[in-house]
Structure formats: C-alpha cells, structure tokens
Amino acid sequence: MNELSKLYQLVLNRELDIPKGQILDIKKIDHKLLAFMQCVYNTGELGHVYTFWDKDTQVDQNALLDTYIEGMRLLMSTAYDLQIDEIKNHEEMPEKSSSVDLLFKVNQDILDLRNGYSPIKLQDALDDYFHFGFSLGITFDDMLEGL
C-alpha cells in the first residue's frame, strides 16, 4: 500500500458510519472545501509563507502540523464524500516550487474541483497539498503520526 493510500485508509476508517452510494451532498462537500481552504491559509500563516505582523516570531511546528493535518483530514474526507474508493500516491515534485506558488496552486485546485467534483481534480489538490506540506518541512511520517 502506498503512502497516500495509508493516510486515506485512516480517514476512511473514521467515515465508515456514513452510508456510501448516495447522491453527492454538494452542500456538505462545499462546506468541507471551505473549511479545508481555511486550514490551507492558516497553515500558510503559521508556516510564515506570508506574515505581515510579527516577523521575528519562530514557527510553532506543533501548531503548523496540527493545522496542516486538519486540512489533510478534510480533503481526504471530501474524497470519501465524492465516493472515491482509492487515491494514487502523490506525484514527485518535478521542480522545486515555492510555498507561495503551492498555496495559490492548492487554491486553484479547489476552485477547479468545484467545477465538476472530479476525482482527477481532487487528486491534483491532494498532490499539491502534499507538496505544500513538504515545502514547509512537514514529512510523510509527521503526517502519518498526526493523522
């Protein structure tokens, strides 16, 4: 089982009480996507991707990881709501992208996902969210332990 599948399985185990095979609950999915985006922006602020206020503060790694993991839970829970049975392992980063670029890319991925709720668009969002976490120094082991 690949790394991303392990994380997804942990989320699925929590979601099993929800009946599968029903018509998509778009309102619920949209609310989860909004909550996910809140986590993305909070992660960006906590990771000092952008900071306008107190530039001399240190990054609180625990708060950063907690917020990032909450976003991961929301996105994977959304995959379940979209009735996606399996997700593929994250793609390797072809080139080093900045945290700023990745934050904007995740935002665009979510907007694209809302235009059709496609599994491919969700996979793009997951890949970019993983890369965003990696760019902040979060490892897969951190993710697995925090989930």
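Residues numbered from 1 in each chain as written. Predicted model: local features only at pLDDT ≥ 70, side-chain atom pairs only at ≥ 80, totals over all residues. Heavy atoms only, no water.

**Q** What is the right way to read the environment of Arg 114 from this model?
**A** Turning to its location among the elements, Arg 114 is positioned in helix α4 (residues 99-114). Spatially, the C-alpha atom of Arg 114 lies 9.1 Å from that of Ile 29, the residues being 85 residues apart in sequence. Setting aside residues up to four positions removed in sequence, Arg 114 forms contacts with Asp 30 and Leu 33. (Helix = DSSP H or I, 4+ residues; strand = E, 2+ residues; numbered from the N terminus. Contact = heavy atoms within 4.5 Å.)

**Q** Where do I start with the pattern of salt bridges in this structure?
**A** Between side chains of opposite charge, pairing is possible as soon as their charged atoms come close. Applying the stated criterion across every chain, the model contains five salt bridges. As a salt-bridge pair, Asp 30 and Arg 114 come within 3.0 Å of each other at their nearest N and O atoms. Of the two residues, Asp 30 sits in helix α2 (residues 26-46) while Arg 114 sits in helix α4, which places them 84 residues apart along the sequence. Asp 30 sits in the buried class, given a relative accessible area of 14%. Its salt-bridge partner being Glu 70, residue Arg 73 comes within 3.3 Å of it at the nearest N-O pair. Of this pair, Arg 73 and Glu 70 both sit in helix α3 (residues 61-81), three residues apart, which is roughly one turn of the helix. Exposure remark for Arg 73: the relative accessible area of 26% places this residue in the partly exposed category. A relative accessible area of 34% means that Glu 70 is categorised as partly exposed. (Salt bridge = Lys/Arg side-chain N within 4 Å of Asp/Glu carboxyl O. Buried < 20%, exposed > 50% of the residue type's maximum accessible area, 1.4 Å probe, protein only.)

**Q** What's the story with unusual backbone geometry in this structure? I'm lost.
**A** The phi angle of most residues is negative, glycine excepted, and most peptide bonds adopt the trans form. The backbone phi angle of His 48 is positive, close to 60°, even though this residue is not glycine. Of note, His 48 is situated in the loop between α2 and α3. Residue classification places His 48 among the partly exposed positions, given a relative accessible area of 28%.

**Q** For this particular structure, what's the right way to read the packing of aromatic side chains?
**A** For any pair of aromatic rings, the description rests on two quantities: the centre-to-centre distance and the angle between the ring planes. Counting across every chain of the model gives four aromatic pairs. Measuring from centroid to centroid gives 4.3 Å for Tyr 68 and Tyr 129, while their planes differ by 10°, and the two rings are stacked. With Tyr 68 in helix α3 and Tyr 129 in helix α5 (residues 119-135), this residue pair connects regions lying 61 residues apart in the sequence. With a relative accessible area of 0%, Tyr 129 lands in the buried category. (Phe/Tyr/Trp six-rings, centres within 6.5 Å; stacked < 30°, edge-to-face > 60°.)

**Q** Is there a simple way to think about the nonpolar core in this case?
**A** Formed by 35 residues in total, the largest nonpolar core has its most connected members in Phe 36, Leu 75 and Tyr 129. At the level of elements, α2, α3, α4, α5 and α6 (140-146) are the ones that each hand at least two residues to this core. Among residues more than four places away in sequence, those in contact with Leu 75 are Leu 33, Phe 36, Ile 110, Leu 122, Ala 125, Leu 126 and Tyr 129. (Core = buried A, V, L, I, M, F, W, Y, C linked by side-chain atoms within 4.5 Å.)

**Q** Looking at this structure, I do not really get the confidence of the model for the protein. What am I missing?
**A** The predicted coordinates of low-pLDDT regions are not to be read in fine detail. Mean pLDDT over the protein: 82, with 74% of residues reaching 70 or higher. No element of the protein has a lower mean pLDDT than helix α1 (residues 3-15), which averages 61, and none a higher one than α4, which averages 94. (pLDDT = per-residue confidence, 0-100.)

**Q** Honestly, the packing of α2 against α4 in this entry has me stumped. Any pointers?
**A** Geometrically, a packed helix pair is captured by the angle between its two axes and the distance between the axes. In contact at an axis separation of 11 Å, α2 and α4 are set at 175° when each is read in the N-to-C sense. As summarised for this structure, α2 and α4 are arranged roughly antiparallel, according to the angle between their axes. For the pair formed by α2 and α4, the contact residues are Asp 30, Leu 33, Phe 36, Met 37, Val 40, Tyr 41 and Gly 44 on the first element and Leu 103, Val 106, Asn 107, Ile 110, Leu 113 and Arg 114 on the second. The class makeup of the residues in the contact of α2 with α4 is nine nonpolar, two polar and two charged. (Axes fitted to C-alpha atoms, helices over the stretch in contact; angles between N-to-C directions. Parallel < 35°, antiparallel > 145°, perpendicular 65-115°, else oblique. Nonpolar A, V, L, I, M, F, W, Y, C, P; charged D, E, K, R; others polar.)

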